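Read off the chains here:
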Amino acid sequence: MAVDETAGAVESLSAMSGEAGYMTFPVAPDSRVNVRSGPGTGYPIKKVLPYGAWVKIDCQTPGTTVSGPYGTSDIWDCIGNGLYVADAYVKTGSDGYVATHCG
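Residues numbered from 1 in each chain as written. Predicted model: local features only at pLDDT ≥ 70, side-chain atom pairs only at ≥ 80, totals over all residues. Heavy atoms only, no water.

Student: Got a sec to walk through the overall build of the chain? Specific residues and values, please.
Tutor: Along the backbone of the chain there are 1 helix and 7 strands. Moving toward the C terminus, one meets the helices and strands of the chain in the order α-β-β-β-β-β-β-β. Sorting the 103 residues of the chain into buried and exposed places 39% on the buried side. When contacts within the chain are restricted to residue pairs at least 6 apart in sequence, long-range pairs at least 24 apart make up 47% of them. Accessible surface, the chain: about 5900 Å² in total, of which carbon and sulfur atoms supply 52%. (Helix = DSSP H or I, 4+ residues; strand = E, 2+ residues; numbered from the N terminus. Buried < 20%, exposed > 50% of the residue type's maximum accessible area, 1.4 Å probe, protein only. Contact = heavy atoms within 4.5 Å. Areas by Shrake-Rupley, 256 points an atom, 1.4 Å probe, with all protein chains shown as cover.)

Dropping the structure here:
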């Protein structure tokens, strides 16, 4: 039986799953990532994720362009309850959207 390497890669990124089957992804391992009240650096910081954190992405939306360990992007990930992290700090395995658009 052949092994589907693509499925294995997705499974390794989403070792944990959130409510309703949302996939979770690791944040940059050497970064404490700011969690904001909206999709941009102009929004207040609500908390800071610890090193080694994983996030559940509910939806994604455009916002302020940010450069991080995983490139430069204007995509922001809603991690629930109106809280957002810059996608450039989340290892989704893609330069584009991996979840539905917010709104």
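Student: Any chance you could break down the pairing of strand 7 (residues 83-86) for me, citing the residues and the numbers?
Tutor: Along strand 7, one buried face is formed by Leu83 and Val85 and the opposite face, lined by Tyr84 and Ala86, is buried too. The pairing of strand 6 (residues 71-80) with strand 7 spans 4 bridges and is classified as antiparallel. Bridged to tryptophan 76 within strand 7 is alanine 86. As consecutive antiparallel partners, strand 6 and strand 7 are separated by 2 residues, and within that stretch asparagine 81 has a phi angle of approximately 55°, a positive value. (Pairing = 2+ DSSP bridges.)

Student: An account of the nonpolar core is needed here, citing residue identities and associated values.
Tutor: Core analysis: the biggest nonpolar cluster contains 12 residues, these being Phe25, Val27, Val33, Val35, Leu49, Ala53, Val55, Ile57, Ile79, Leu83, Val85 and Val90. With sequence-adjacent residues up to four places away left out, isoleucine 79 is seen in contact with Val35, Val55, Lys56, Asp58 and Val85. Listed in part, the 7 residues of the second largest apolar core include Cys59, Val66, Trp76 and Tyr84. (Core = buried A, V, L, I, M, F, W, Y, C linked by side-chain atoms within 4.5 Å.)

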